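Analysis of the macromolecular model
Chain residues, written in single-letter form:
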Amino acid sequence: MKTKALLIDLPRCTGCRGCQVACKQEYKRQAEKTTFFGGPGYQNPADLSAETWCLVTYNEVLVNGRHDWVFGKRQCMHCEVPGCASACPVKALEKLDSGPVIYHREKCIGCRYCMLACPFVVPRFEYETWNPYITKCTMCAHRQVAGGIPACAKACPTGAITFGDREVLIREAEHRIAGNPGGYVHHIYGMEEAGGTCVLHISSVPFEELGYVMRVPRSPMVAHTEPAMKAVPMVMLGLATVLGASYALRTRKQRDNQPAESGHIS
Ligand code: SF4
Ligand code: SF4
Ligand code: SF4
């Protein structure tokens, strides 16, 4: 089976956030109460969260001596050899041959080792709920099985998100960069990061200027996570689960006792 991927062509992105809204709609995730935080990055909400799996970032960047807005996109990168899956002691995260890294919530014990193991800081925990789970982008695996494409790719009105075979998309990215060398930096983010990912990005400015994680090993994360996981006794995993549940209960109680704060809904 050919591995599928998403190619995010950032210079084509207008920052409309259609992808972000489509993702929320597809998974019926809640709107969040947010406050302005003043950057770097001026997007709203500020970061990925248990409710926001797809985030368009707003970055003010100096381009040819002029301040300009350049947009980025954050979501699970669907690593070829995912650190989250290798760190999970109960196999609640699984890499499919077709590309997506999916989550089996019925297996999850809430230890949150996947959160520590992800080099892109993607998985989130539902601290605010009574029965918390890990959440993250699924690459819309269920839509792919039904012959569709990811909701964010479907919604994008500018063609900034393309879905297809990973090898074909890498060639397409190289073609776009070669055809417009002044319009792109010579870097396909995700081609080698963490051993390669199924979400690929191309950009007009260096990725560090968009806040992308740059200190990612070129080798798969499994080489770093497996030895560490073997050293963790099962009793520690149980303790982590209990502490996580108690934290969720405490934050829920505190929130219920607080008066409504100022802010706005995005
Ligand atoms: S980006 Fe993080 S959560 Fe997504 S597959 Fe890779 S390691 Fe797992
Ligand atoms: S692939 Fe699906 S789950 Fe992932 S960001 Fe796009 S719409 Fe959301
Ligand atoms: S839908 Fe397309 S143009 Fe709009 S924010 Fe998302 S990637 Fe950018």
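Residues numbered from 1 in each chain as written. Chains lettered and ligands numbered in written order. Predicted model: local features only at pLDDT ≥ 70, side-chain atom pairs only at ≥ 80, totals over all residues. Heavy atoms only, no water.

As a further point, take the pairing of strand 10 (residues 199-202). Across the two faces of strand 10 the burial is the same, with Val199 and His201 and Leu200 and Ile202 all buried. Relative to strand 10, strand 1 (residues 4-9) runs parallel, the two being bridged by 4 bridges. Paired with Leu6 across the bridge in strand 10 is Val199. (Buried < 20%, exposed > 50% of the residue type's maximum accessible area, 1.4 Å probe, protein only. Helix = DSSP H or I, 4+ residues; strand = E, 2+ residues; numbered from the N terminus. Pairing = 2+ DSSP bridges.)

Near ligand 1 lie 13 residues; those nearest to it are Cys76, Met77, Cys79, Cys84 and Cys118. Partitioned by chemical class, the residues of the shell around ligand 1 number 10 nonpolar, 2 polar and 1 charged. (Near = heavy atom within 4 Å. Nonpolar A, V, L, I, M, F, W, Y, C, P; charged D, E, K, R; others polar.)

Okay, the site of ligand 2 next. In the neighbourhood of ligand 2, the contacting residues comprise Cys23, Tyr27, Cys54, Gln75, Cys137, Thr138, Met139, Cys140, Pro150, Ala151 and Cys152. Elements with a minimum of two residues in the shell around ligand 2: helix 1 (18-27) and helix 5 (151-155). Of the residues in the shell around ligand 2, the class split is 9 nonpolar, 2 polar and no charged.

Now for empty space enclosed by the protein. It is the rolling of a water-molecule-sized probe over the atoms that shows where space remains empty. One pass over the full model with this rule turns up 5 cavities of 30 Å³ or more. In this model, the largest cavity occupies a volume close to 120 Å³. Lining of the largest cavity is provided by 17 residues; of these, Cys13, Cys19, Val56, Cys156 and Ala160 occupy positions nearest its centre. Elements with a contribution of two residues or more to the lining of the largest cavity: helix 1 and strand 4 (66-74). Taken together, the residues of the lining of the largest cavity sort by class into 10 nonpolar, 5 polar and 2 charged. (1 Å grid on protein atoms, 1.4 Å probe; cavity = no way out; pocket = protein on both sides within 12 Å on 5 of 7 lines; lining within 4 Å. Points joined across faces, edges and corners; volume = space filled by probe spheres on them.)

Attention now moves to the confidence of the model for the chain. Mean pLDDT over the chain works out to 88, with 83% of the residues at or above the 70 mark. Between residues 246-266, whose pLDDT stays under 50, and residues either more than four places distant or in other chains, the model counts 28 contacts. (pLDDT = per-residue confidence, 0-100. Contact = heavy atoms within 4.5 Å.)

Right, let's talk about the sheet that holds strand 1 for a bit. Taken in spatial order, the 3 strands line up as 9-1-10 in an open sheet, and their pairing is mixed. Looking at the sheet topology across the chains shown, the edges are occupied by strand 9 (161-165) and strand 10. Taking the axes of each pair of neighbouring strands and ignoring which way they run, one obtains an average angle of 25° across the sheet. (Axes fitted to C-alpha atoms, helices over the stretch in contact; angles between N-to-C directions.)

The next thing to look at is the packing of aromatic side chains. Counted according to the given criterion, the structure contains 10 aromatic pairs. Seen in terms of ring centroids, Tyr58 and Phe71 are 5.0 Å apart; in terms of plane orientation they differ by 75°. Their pairing is edge-to-face. Here Phe71 lies in strand 4 and Tyr58 lies in strand 3 (residues 55-63), a separation of 13 residues in the sequence. Ring pairs connect the aromatic residues Phe36, Tyr42, Tyr58, Trp69 and Phe71, which therefore count as one cluster. A cation over an aromatic ring shows up here: Arg105 above the ring of Tyr133, its NZ or CZ 3.8 Å from the ring centre. Above the ring of Phe125, the side-chain terminus of Arg112 is found at 5.1 Å from the ring centroid. (Phe/Tyr/Trp six-rings, centres within 6.5 Å; stacked < 30°, edge-to-face > 60°. Lys NZ or Arg CZ within 6 Å of the ring centre and 35° of its normal.)

A few words now on helix 1. Three or more residues of helix 1 are buried, namely Cys19, Gln20, Ala22, Cys23, Lys24 and Tyr27. Check the buried side of helix 1 and you find it contacts strand 3, strand 4, helix 4 (141-145), helix 5 and strand 9. Just downstream of helix 1 lies Lys28, where phi reads positive at about 50°.

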